[in-house]
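# Results of the structural survey
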Amino acid sequence: MKGRQLLMIPGPIEFTPEVLRAMGMSTTSHVAPDFIQVFGQALEQLRQVFLCPHGQPFVIAGSGTLAMDIAAANLIEPGDQALVVNTGYFSDRFATILERYGAAVTQVQAPSIGDAPPLEAVEAALKANTYKLMTITHVDTSTAVGVDLQSLAALGQNQGALVVVDGVCSVAGEEMHQEAWGIDLALTASQKAIGVPPGLALLVAGPRAMEAFRRRKSPVGNYYADWKEWLPIMEAYQAGRPSYFGTPPVNLIWALNVSLGQVLEEGMEARFARHRRLSEAFKAAITALGLKQVPVSPNRAATTLTAPYYPQGVGPELLGRANAAGAILAGGLHPAIKGQYFRVGHMGAVSASDILATIGAIEQGLAQSGYKFEPGIGLAAAQSILTQ
Ligand code: PMP
């Protein structure tokens, strides 16, 4: 027995051996010449992965929530108006963070769980007020809902709001062209489609976001998050100079540089296409097995994860059974439907055989749970797409 399951949750994910080797190497000084060069290269590669050639990247120790906190701390001043396009749990979180820094937050809610607010509703909200910024959760990991990011960002740009995207469950998996789509700030965390163990908050701020920061009248209300401290550090690493504000997570940054190199070697368009194809195969299996999904329609569904409802007579015990059969899956997260569904991440270095192994483990778990289906029907549905 191999004694190791596939980690198929929506982050952290399975990492490549090269990334894990970088995590295990001897730690260098944060001002060693080779580390300075690697940090600078990672910053440049981030611009390419976010498809934002004129952006300013920030790499800071912390999780995705810190990246959200950094965005709000630096862009919001007390009394600013902010609009949240709400698709679930992580949009709620962004609203809370914005309010913590003094924003007056308006939310456009999705009509139901598993849906996204209609574009017309977002446009009407933007026209009804003057917003300093709007936030969009590209993929809400609680519901597996993916939004029409390009159209939403265009609405924000047209109405003069800074467009801020929570791309924690999307960047380097779901299609996003930060600069071309008019996204002023995109953020993510290392442990998802970027493919590095948890611990890095990653942001790329475009020129309009940096300008809004420079024009602030009040100081940033968070010492650790303040771009005034971090911008000179990022600029120093970009220029190949040593600098210090807070000790960077050296091994994570070595690993980040390796992973970004692998992402770019695959190519962004090829990577987006692979995520679409694997997602389509996995979702076809779920449908063939008779399970419904949380997103209300296929064009609302993300490609980085899938959120199936448990079928009649089956509940969270499925997760333990799938785990014993080799795949670690995640339970529900949205508080209103938490016990009714589960989540499967398929992003980053995930392969077609990981997808098939996971479907096999789900079929075994369903069978042990007494669910009636034709064994292999999910696998066949996925294979019919994967072999095309
Ligand atoms: N936003 C989204 C869309 C997420 O999926 C997550 C994490 N699942 C976060 C924010 C928060 O990231 P972290 O858990 O790394 O703080």
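Remember, it's a predicted structure, so these values are computed and weren't measured experimentally. (Residues numbered from 1 in each chain as written. Predicted model: local features only at pLDDT ≥ 70, side-chain atom pairs only at ≥ 80, totals over all residues. Heavy atoms only, no water.)

### Observations regarding the sheet that holds strand β3 (residues 81-86)
Where we set the bar: Two strands pair under a simple rule: DSSP has to find at least two bridges between them. Runs of H or I in DSSP of at least four residues are treated as helices and runs of E of at least two as strands, each being numbered from the N terminus. Fitted lines through C-alpha atoms give the axes, limited to the stretch in contact for helices. The angle between two N-to-C directions lies from 0 to 180 degrees. For this analysis, residues touch if any pair of their heavy atoms sits within 4.5 Å.
What the seven strands build is an open sheet, ordered β2-β10-β9-β8-β5-β3-β4; its pairing is mixed. Every interior strand has two partners, whereas the edge strands, β2 (56-61) and β4 (104-109), have only one. For this sheet, the mean inter-axis angle between neighbouring strands, taken without regard to orientation, is 20 degrees. The sheet strands contacting helix α2 (residues 33-49) are β2 and β10 (200-205), and the helix crosses β2 at an angle near 125 degrees. Taken strand by strand, helix α8 (residues 227-239) contacts β2, β9 (185-189) and β10, and its axis lies near 110 degrees from that of β2.

### Notes on the site of the ligand
Selection rule: Proximity is defined per residue: if any heavy atom of the residue lies within 4 Å of a molecule or strand, that residue is considered near it. For this analysis, a polar contact is any N or O atom pair within 3.5 Å, provided that within protein one partner can donate a hydrogen and the other can accept it, and provided that sequence-adjacent residues contribute only side-chain to side-chain pairs. With residues, only the protein chains shown are counted as cover, and all accessible areas are computed by Shrake-Rupley using a 1.4 Å probe. Here the term charged refers only to Asp, Glu, Lys and Arg, the term nonpolar to Ala, Val, Leu, Ile, Met, Phe, Trp, Tyr, Cys and Pro, and the term polar to all other amino acids, Gly among them.
Surrounding the ligand, one finds 13 residues, the nearest of these being S63, T65, T141, D166 and K192. G64 is positioned such that a nitrogen or oxygen atom in its backbone is 2.7 Å from an oxygen atom of the ligand. In isolation the ligand exposes 390 Å². Once the protein is present, 86% of that is buried. Elements with a minimum of two residues in the shell around the ligand: α3 (64-75) and α4 (89-100). Per-element accounting of the shell around the ligand gives the leading share, three residues, to α3. Here the shell around the ligand is composed, by residue class, of four nonpolar, six polar and three charged.

### A closer look at the side chain of N74
In this structure, N74 sits in helix α3. From its side chain, N74 meets the backbone nitrogen of W227 in a polar contact 2.8 Å long. Not counting residues up to four positions away in its chain, the partners in contact with N74 are F213, R216, V220, A225, D226 and W227.

### Comments concerning the sheet that holds strand β11 (residues 305-306)
What the three strands build is an open sheet, ordered β11-β14-β13; its pairing is antiparallel. Across the chains shown, the open sheet's two edge strands, defined by having one partner strand only, are β11 and β13 (330-331). Where β11 lies against strand β14 (residues 342-345), two bridges are found, and the strand directions are antiparallel. Looking across to β14, one finds that L305 is bridged to G345.

### Digging into the domain arrangement of the chain
Let me state the cut-off plainly: The source of the domain bounds is an automatic or database domain assignment. In what follows, salt bridge is the name for a side-chain nitrogen of Lys or Arg lying within 4 Å of a carboxyl oxygen of Asp or Glu.
Partitioning the chain into domains gives domain 1 (6-12 + 268-386) and domain 2 (17-266). Computed from C-alpha coordinates alone, the two centres of domain 1 and domain 2 are separated by 28 Å. Domain 1 puts 32 residues into the contact, and the matching count from domain 2 is 35 residues. The interface formed by domain 1 and domain 2 includes three salt bridges. The residue R271 makes a salt bridge to E266 at a minimum N-O spacing of 3.0 Å.

### Considerations on the pairing of β4
As a reminder of what qualifies: The definition of a right-handed crossover adopted here requires that, viewed with the strands pointing away, the path from the first strand over the helix to the second runs clockwise.
Both β3 and β4 contribute to a ladder of six bridges, which runs parallel. Within the sheet, the bridge partner assigned to A82 lies in β4 and is V105. You can see the chain leave β3, run along α4 and come back into β4, and the turn it takes is right-handed.

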